[in-house]
Amino acid sequence: MLSASLSDGRSEDPLILLWQDWRETFASSQRLCREAQRLERELAETIGFPRVEIPLNDPGRPSVVATDARQIDRVLGKTPATRSLRRRLKRDLAAAQANWDAEAAAVGLTSAVEREAAADRRVDELLRTASRTPARSIPGVIAKLAIATEWSELEPDADGYPWDFIRGVLADLTALTANEA
């Protein structure tokens, strides 16, 4: 019904056009996410994630892996006795991170993540707009519900959604009914 409203030019309700933009943007966001994940997985398989193993003096404890310089300080403490080891591990970790960053840029992961983030920002903008835009028709209400439903299937824990939409749809139906009365 919504596609038919668009194709025959009957889309007087801005929510129907917004729904079309939403579907294209959301699908693009999902594609870009999958692409970034694929590239990250391939890079991790090729060079591994940037990390260092922290040697422990206790043979009964398993080794600890750090992916952040703060983790090194937490595990080893900041005593003078560990200063040399901490510095070496932090240099090794920085080198591993620099290697990851260079390889990520070379294989396109960096730009894929940036494109995904831009698409996600656009998705969020469309969600806010759709939840706040009053429907002017029953197809507009359906468009708003379609956006909320499709989005909430993949993001069930997001703050405010789909409740912002449901409140908006209730207000839309109330206003449309009052206009018809």
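Every value quoted in this text rests on a predicted model; they were computed, and no experiment measured them. (Residues numbered from 1 in each chain as written. Predicted model: local features only at pLDDT ≥ 70, side-chain atom pairs only at ≥ 80, totals over all residues. Heavy atoms only, no water.)

K.L.:
Please explain the overall build of the protein as it appears in this structure.
P.N.:
From N to C terminus, the protein includes seven helices and two strands. The order of α-helices and β-strands along the protein, N terminus first, is α-α-β-β-α-α-α-α-α. Considering the protein as a whole, with its 181 residues, one finds that 31% of them fall into the buried category. Counted over contacts in the protein with a minimum sequence separation of 6, partners at least 24 positions apart contribute 63%. Roughly 11300 Å² of accessible area belongs to the protein as shown, and the carbon and sulfur atoms make up 51% of that amount. (Helix = DSSP H or I, 4+ residues; strand = E, 2+ residues; numbered from the N terminus. Buried < 20%, exposed > 50% of the residue type's maximum accessible area, 1.4 Å probe, protein only. Contact = heavy atoms within 4.5 Å. Areas by Shrake-Rupley, 256 points an atom, 1.4 Å probe, with all protein chains shown as cover.)

K.L.:
Help me understand the packing of aromatic side chains in this model?
P.N.:
In this description, a pair of aromatic rings is defined by centroid distance and the angle of the planes. Under the definition given, this model contains two aromatic pairs. Between tryptophan 22 and phenylalanine 26, the ring centres sit 4.5 Å apart and the planes meet at 20°, which makes this aromatic pair stacked. With tryptophan 22 and phenylalanine 26 both in helix H2 (residues 14-47) and four residues apart, this pair spans about one turn of that helix. The class of tryptophan 22 is buried, set by a relative accessible area of 0%. Of the residues examined, phenylalanine 26 reaches a relative accessible area of 4% and is grouped as buried. (Phe/Tyr/Trp six-rings, centres within 6.5 Å; stacked < 30°, edge-to-face > 60°.)

K.L.:
Help me understand helix H6 (residues 138-154), please; the structure alone is not making it clear to me.
P.N.:
Across its 17 residues, H6 extends 25 Å between first and last C-alpha, which sits within 8% of the 24 Å expected from 1.5 Å per residue. Buried within H6 we find Gly140, Val141, Ala143, Lys144, Ile147, Ala148 and Trp151. Buried residues in H6, looked at end-on, bunch into an arc of 160°, giving them a common side. (Expected span 1.5 Å × (residues − 1). Arc of directions from axis to C-beta.)

K.L.:
When you look at the nonpolar core in this model, what are you seeing that I'm missing?
P.N.:
Most often, soluble globular proteins keep nonpolar side chains buried together rather than apart. Judged by nonpolar contacts, the single largest core of 17 residues is most densely connected at Trp22, Val123, Leu127, Ile147 and Trp151. Listing elements by their share of this core, those giving two or more residues are H2, helix H5 (109-132), H6 and helix H7 (163-180). Take this core: its biggest share by element is six residues, from H2. Discounting chain neighbours no more than four positions away, the residues touching tryptophan 22 are Val123, Leu126, Leu127, Ile147, Glu150 and Trp151. If you look at the next biggest cluster of nonpolar residues, it comprises eight residues, including Ala36, Ala44, Trp100 and Ala112. (Core = buried A, V, L, I, M, F, W, Y, C linked by side-chain atoms within 4.5 Å.)

K.L.:
Before we go on, may I ask you to explain helix H3 (residues 69-76) in this structure?
P.N.:
Three or four residues apart is the spacing at which side chains of an α-helix point the same way, because the helix has 3.6 residues per turn. Those residues of H3 lying buried are Ile72, Asp73 and Leu76. Along the axis of H3, the buried positions cluster into a sector of 95°, meaning they face one direction only. More than 90 degrees from the buried face of H3, the exposed residues found are Arg70 and Arg74. You can read the cap of H3 off the contacts: a side-chain oxygen lies 2.7 Å from the backbone nitrogen of arginine 70, and it is on aspartate 68. Glycine 77 sits one or two residues past H3 and shows a positive phi near 80°. (Polar contact = N/O pair within 3.5 Å; in protein donor to acceptor, adjacent residues only side chain to side chain.)

K.L.:
Just checking my understanding: could you explain the pattern of salt bridges for this structure?
P.N.:
Oppositely charged side chains may form a pair once their charged atoms are brought near each other. Scanning the model with the defined rule gives nine salt bridges in all. Linking aspartate 21 and arginine 122 is a salt bridge whose minimum nitrogen-to-oxygen distance equals 2.5 Å. Residue aspartate 21 is located in helix H2, and its partner arginine 122 is located in helix H5; the two are separated by 101 residues in the primary sequence. Residue aspartate 21 is classed as partly exposed on the basis of its relative accessible area, which comes to 25%. Given the relative accessible area of 28%, arginine 122 is considered partly exposed. A salt bridge links arginine 23 to glutamate 150, with the nearest nitrogen and oxygen atoms 3.6 Å apart. Taken together, the residues span a long stretch of sequence, with arginine 23 in helix H2 and glutamate 150 in helix H6 at a distance of 127 residues. Residue classification places arginine 23 among the partly exposed residues on the basis of a relative accessible area of 41%. Its relative accessible area of 24% is what places glutamate 150 among the partly exposed residues. (Salt bridge = Lys/Arg side-chain N within 4 Å of Asp/Glu carboxyl O.)

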